[in-house]
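The residues making up each chain are set out below.
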Amino acid sequence: MKYGYFDDDKAEYVITRPDTPTSWSNYLGSTVYGAVITNNAGGYGFYKSGAQGRFMRLRFNAVPMDQPGRYFYLRDQEDGDFWSASWQPVGKPLDQYKSECRHGTAYTTITSEYKGIKSETKYYVPLGQNFEYWRLKVTNTSDKVRKIRVFSYCEFSNQWNTTQDQVNLQYSLFIVKGEKVGDNLLRYSIQDNLYIQHPEYEVGGAYMSEWVALIGTPMTGFDTSREAFIGTYGSYEHPKAVVDGACTNSEAFGDNSCGTVQGDLELQPGETKEIMLMLGIDDALAVGQKIVNEFGTFKRADEEFEKLVNNWHAKLGSFKAITPDEDINHTVNVWGLYNCLITFAWSRAASLVYNGERDGLGYRDSVQDILGVSAAIPEEAEERLVRMISGQCQNGGAVPVISKDFNAGHEKAPKPEEFRSDDCEWFFNAVPCYVAESGNFDFYNKVVPYADGGEATVYGHLKRALEFNLERMGADGLPCGLLADWNDCLKLGYHGESLFVAFQLRLGLTTYADISERLGKKDEAAWALKERDTLDANIQKKCWDGKWFIWAVGEDGTVYGTQTIEEGQIYFNTQVWAVMSSAATAEQARICMESVKEKLATPYGLMLCAPPFVKTRSDIMSSVVFLPGIKENAGIFNHTQGWGVIAETMLGNGDRAYEYCKASIPAAYNDKAEIRQSEPYVVGQTTYSTFSKRPGNTRTSWLSGAGTWSYYAITQYMLGIKPQYDGLLIDPCIKHDWDGFTVERRWRKMNLHIEVKNPQHICKGIEYIEVDGKRIDAAVIPVSELKDGSKIVAYMGKDAKSSPVERV
Ligand code: GLC
């Protein structure tokens, strides 16, 4: 079943049926003023933090789902019938009410059509501003004059700390005030006396406030009290004021507040009128009025919209592909990257599922998030990378979260038992990716503090990352898993060993040796390669189980992930990482990836392990708490799907890489949205596997490592356009029947036109490349051969030289 389609020209996803199986959401604003909005205008707003700065309420996981939000109610003053400009919350029957939602890059437009009245509402936050526009156009498509009364609605929090807002009612119900302070301006304040005493207070601390202004029509009424507008026994579906036909001009004094303005539109047949609401944070008179004076015209709002769209579209311009596969095109050209950029911004802090419990930048996830955005926003990627590296402690491990107030050099290191084993190993993916993207090799010499004091060059930080694991080896000479390796649920005991981290370490040692060579540090390179030899020997001694690599070794010596164990017999990550780290022999790589196909592949993606845990004790495998087939308990953990694609491309299996890619990318589910249920334009953290009763259901949309790894795997491995330090590698691994594809790639400020031709219909292998007509017999184009506007034609062919060794 289909609920919408991709409009790639406009970079929008268009939802044509509003009764989607779950709320299909989008993001507005920035990391300073952020907002989530659904296809039915549900959603919330927050300042700097989803947890501490939540100024606009949403009732999470409630019935009906995801309400309230940013609503306009439209009321026909002739007959009293009313509806909302988004299908919900009024929810008129869909045979009478038509609606379309266009989610774009940081804006959402919702149109409706009901009884001869069309409406179009556009929501966005101008770049760099702390307010939002809700623009409403109403058109009379009937043949008689219509009198339409418009009411807005949103619900402000009583405290911006979201937990306090919900639980501390003996306090929070007595601190909120709403008032009309200008002809078209409403003022909301929390703990207002503190502001009166201290007008210098910054908003969001002890003083919290919002404002709402109506533009384009006189405010004929208002309500700032939620109780007055909704009515004690009313609902969002039937708010009392709308049922009665007029606001009560309530000024909230305690209890709850709401953002309701009322305006009246008289429309001739065929006539359109536009009004808009502006809503922002901070004091209405000191700040809001000034913003209204500056931004409160339609012309200015248009300009701000254009700026916003241009800004986002410029980022999306970093990589545009035309391949024979439409789903891949939608993913690469718009939604995959947009997903990465939003995840980069919000980490795992704010969505319809992450509702404030997690704040700040989770360490390992945020380091990985860099892979997805390096091409689009290299400067911001560098800044973030430096911040993340400064979260490394002197011992080489990392703090678990970089919080808003994180102060590099002055933090306390976690207790020994609180370190995770994988955190800093992600440097070896993210740092070379950024350096190869930017060409800023000197980044390795940049001095960055440690979280708990002292400093080192980036290169020095990399060494400490390796040493951290080398100094924490278990009985078999493999790295200890510590509190967790990538898998939060793995409990091996402090000295239990993680093969996943062993593979990360191997990749790290290889990468470090390469960087050392380039920096002229031969001794360091030799050290790393020697350590790698030892590690390789230990891996081969302990970890090959005949058909696949084991999962891990518990502190008590139990080996997990073997053919003889009942639950969690085979674990996905150690197979793909055996390939990605080149630890597996060619034979092992082939066999273990066959085992993945046989035991872990489903039509919906690759399961994390199989069979699920039911009897295993939760102190060993805490994922036993999840229902079988979900999340870390034999679910399809989407974070890892890109690894499956990468591993297969490294082995040259383009058909299989394609199959895995298609099984997991959201766009491929557009026509069967009832299976996946979540937005077909963004990733979700987990997909229920065939061990569950609901295979294919996908949950926890948007904020997941799935975005990064999927985009990175497609662009840099499948399409194979992979920056190197000194050149651009073009080494695709595609479905054999593709004739080729084209890519527009921005790289080091050059716009490159790349065409890949595959006349012999093979999966992998570049014979030669023409750069502006000049032939190069290699897969890497030296940077000196490239200029802005270069035209590159890469020829795949059976006579290809063997593919170059790649970094991840
Ligand atoms: C979640 C966490 C991530 C972890 C993964 C597997 O996605 O955000 O850090 O690696 O679960 O447990």
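Each chain has its residues counted from 1, running along the sequence as written. Thresholds applied to this predicted model are a pLDDT of at least 70 for local features of residues and 80 or more for the giving and counting of side-chain atom pairs; totals over whole chains, interfaces and linings are not thresholded and use all residues. To get the side-chain values, all heavy atoms of the structure are used, and hydrogens and water are removed first.

A. How the structure looks around the overall build of the chain. The number of helices and strands found in the chain is 20 helices and 42 strands. Compactness check: the chain gives a C-alpha radius of gyration of 28 Å against a globular reference of 28 Å for 808 residues, within 12% of the reference. Dimensions of the chain, computed from C-alpha atoms along their principal axes, come out at roughly 80 × 55 × 50 Å. Each residue's exposure class comes from its accessible area (1.4 Å probe, protein chains only) as a fraction of the maximum for that residue type: buried when under 20%, exposed when over 50%, partly exposed otherwise. When the 808 residues of the chain are sorted by exposure, 62% land in the buried category. For the purposes of this entry, the term helix denotes a DSSP run of H or I that reaches at least four residues, the term strand denotes a run of E that reaches at least two, and both are numbered from the N terminus. As defined in this context, the radius of gyration uses C-alpha atoms, and a globule is described by 2.2 Å times the residue total to the power 0.38.

B. Here's a closer look at the pattern of salt bridges. Put simply, a salt bridge is a Lys or Arg side-chain nitrogen that is within 4 Å of an Asp or Glu carboxyl oxygen. Taken as a whole, this structure holds 57 salt bridges when the rule is applied. For E274, the salt bridge is made with R135, and the minimal N-O distance between the two is 3.0 Å. Of this pair, E274 sits in strand 19 (residues 272-281) while R135 sits in strand 12 (residues 131-140); the two residues are 139 residues apart in sequence, bridging distant segments of the chain. Judged by its relative accessible area of 22%, E274 falls in the partly exposed class. Residue R135 is classed as buried on the basis of its relative accessible area, which comes to 7%. A salt bridge links E517 to K522; the shortest N-O distance between them is 3.4 Å. Owing to a relative accessible area of 42%, E517 belongs among the partly exposed residues under this scheme. Residue K522 is classed as exposed on the basis of its relative accessible area, which comes to 54%. One continuous salt-bridge network, built from bridges that share partners, spans R57, R59, E155, D165, R226 and E227.

C. Just the sheet that holds strand 17 (residues 221-225), in detail. Here we have 5 strands laid out as an open sheet, ordered 8-7-13-18-17, and antiparallel in their pairing. A strand with exactly one partner marks an edge of an open sheet, and here the two such strands are strand 8 (82-84) and strand 17. Here the average twist between neighbouring strands, direction ignored, is 20°. In this analysis, strands are considered paired if DSSP registers two or more bridges between them. As defined by bridge partners, strand 17 adjoins strand 18 (residues 257-267) across 4 bridges and the pair is classed as antiparallel. Bridge assignment links D223 to a residue of strand 18, and that residue is T260. Simply put, an axis is a line fit to the C-alpha atoms, just over the touching stretch for a helix, and the angle between two N-to-C directions goes from 0 to 180 degrees.

D. The domain arrangement of the chain, seen in detail. The domain boundaries assigned to the chain delineate domain 1 (11-313), domain 2 (349-471) and domain 3 (721-796). Taking only C-alpha atoms into account, the centre of domain 1 sits 38 Å from that of domain 2. By definition, the buried area sums, over both parts, the 1.4 Å-probe accessible area that each loses when the two are put together. Taken together, both faces of the contact between domain 1 and domain 2 bury some 890 Å²; the carbon and sulfur share is 61%. Scanning the region where domain 1 abuts domain 2 turns up 0 salt bridges. Polar contacts, as used here, are pairs of N or O atoms within 3.5 Å; protein pairs need one atom able to donate a hydrogen and one able to accept it. Residues neighboring in sequence count only if both atoms are side-chain atoms. Run the count over domain 1 and domain 2 and you get 4 residue pairs in polar contact (both at pLDDT 80 or more). Partitioning the side of domain 1 that touches domain 2 into residue classes produces 7 nonpolar, 7 polar and 3 charged. Note that the domain bounds were set by an automatic or database domain assignment. Amino acids are sorted into nonpolar (Ala, Val, Leu, Ile, Met, Phe, Trp, Tyr, Cys and Pro), charged (Asp, Glu, Lys and Arg) and polar (every other residue, Gly among them).

E. How the structure looks around the UniProt feature "domain: Glycosyl hydrolase 94 supersandwich" (unreviewed entry) in the chain. UniProt positions are given in the numbering used here, feature names are shortened, and annotations may be inferred rather than shown by experiment. Mapped onto this structure's residue numbering, the UniProt feature "domain: Glycosyl hydrolase 94 supersandwich" (unreviewed entry) falls at residues 12-295. Annotation note: span residues 12-295, helix share 13%, strand share 43%, distance between end C-alpha atoms 25 Å.

F. The arrangement of the pairing of strand 19 in detail. Here strand 19 lies mainly inside the structure; 7 of its 10 residues are buried. Here strand 12 pairs with strand 19 via 9 bridges, running antiparallel. Across the sheet, residue K137 finds its bridge partner in strand 19, namely E274. Bridge count between strand 16 (residues 208-215) and strand 19: 6 bridges; the pairing is antiparallel. When the bridges of strand 19 are listed, E210 appears paired with I281.

G. Focus on the site of the ligand. The near set for a molecule or strand comprises every residue that places at least one heavy atom within 4 Å of it. In the region of the ligand, the neighbouring residues are R358, R364, D365, W486, N487, D488, E632, F637 and Q685. A distance of 2.5 Å is found between an oxygen atom of the ligand and a side-chain nitrogen or oxygen belonging to D365. Contact distances for the ligand include 2.5 Å between an oxygen atom and a side-chain N or O atom of E632. Out of a free accessible area of 300 Å², the ligand has 95% covered by protein chains. Broken down by class, the residue content of the shell around the ligand amounts to 2 nonpolar, 2 polar and 5 charged. Using a 1.4 Å probe, the Shrake-Rupley method yields the accessible areas, and only the shown protein chains count as cover for residues.

H. View of the UniProt feature "domain: Glycosyl hydrolase 94 catalytic" (unreviewed entry) in the chain. UniProt's entry tags residues 312-720 with the feature "domain: Glycosyl hydrolase 94 catalytic" (unreviewed entry), counted in the numbering of this structure. Segment residues 312-720 splits into 44% helix and 9% strand. End C-alpha atoms: 24 Å apart.

I. Quick peek at the sheet that holds strand 6 (residues 54-56). Taken together, the 4 strands give an open sheet; going across it, the order is 3-4-5-6, and neighbouring strands pair in antiparallel fashion. Sheet topology places strand 3 (25-29) and strand 6 at the edges, where each strand pairs with a single neighbour. When strand polarity is set aside, the average angle formed by the axes of neighbouring strands in this sheet is 25°. In this structure, strand 3 lies alongside strand 4 (residues 33-38), joined through 5 bridges in antiparallel fashion. If you follow S25 over to strand 4, its bridge partner there is T38. When checking whether two residues touch, look at their non-hydrogen atoms; a contact exists if any pair is within 4.5 Å. The strands touched by helix 8 (residues 326-346) within the sheet are strand 3, strand 4 and strand 5 (43-47), with strand 3 carrying the most contacts at an inclination of about 60°.

J. Region of interest: the packing of helix 9 (residues 363-373) against helix 11 (residues 427-438). Interaxial distance between helix 9 and helix 11 falls to 8 Å at its minimum, and their mutual angle equals 30°. If you check the angle between helix 9 and helix 11, you find them roughly parallel. At the point where helix 9 passes helix 11, the crossing takes the left-handed sense. The segment helix 9 lies against helix 11, with Y363, V367, I370 and L371 engaging F427, N429, A430 and C433. Taken together, the residues that form the contact of helix 9 with helix 11 break down as 7 nonpolar, 1 polar and no charged. By the definition adopted for this analysis, an angle is roughly parallel if under 35 degrees, roughly antiparallel if over 145, roughly perpendicular if from 65 to 115, and oblique otherwise. Crossing handedness follows the turn of the near helix against the far one: under a right angle anticlockwise gives a left-handed crossing, and clockwise gives a right-handed one.

K. Region of the structure containing the nonpolar core. Counting residues in hydrophobic clusters, the biggest one holds 255 residues, and the most contacted among them are M278, L279, F427, V431 and I539. Among residues more than four places away in sequence, those in contact with V431 are L385, I389, F443, Y444, V458 and L462. Here the nonpolar core consists of buried residues drawn from Ala, Val, Leu, Ile, Met, Phe, Trp, Tyr and Cys, with membership extended through side-chain atoms lying within 4.5 Å.

L. Quick look at the environment of V780. Among the structural elements, V780 can be located in strand 41 (residues 780-782). You can call V780 partly exposed: its relative accessible area is 28%. When the C-alpha atoms of V780 and L728 are compared, they prove to be 5.3 Å apart, with 52 residues separating the residues in sequence.

M. Spatial organisation of the side chain of T698. The topology assignment puts T698 in strand 34 (residues 698-701). Since its relative accessible area comes to 1%, T698 is described here as buried. Within the structure, the side chain of T698 is placed 3.2 Å from the backbone oxygen of G696, a separation counted as a polar contact. Setting aside its immediate chain neighbours within four residues, T698 contacts N638, R676, S678, G684, T686 and T687.

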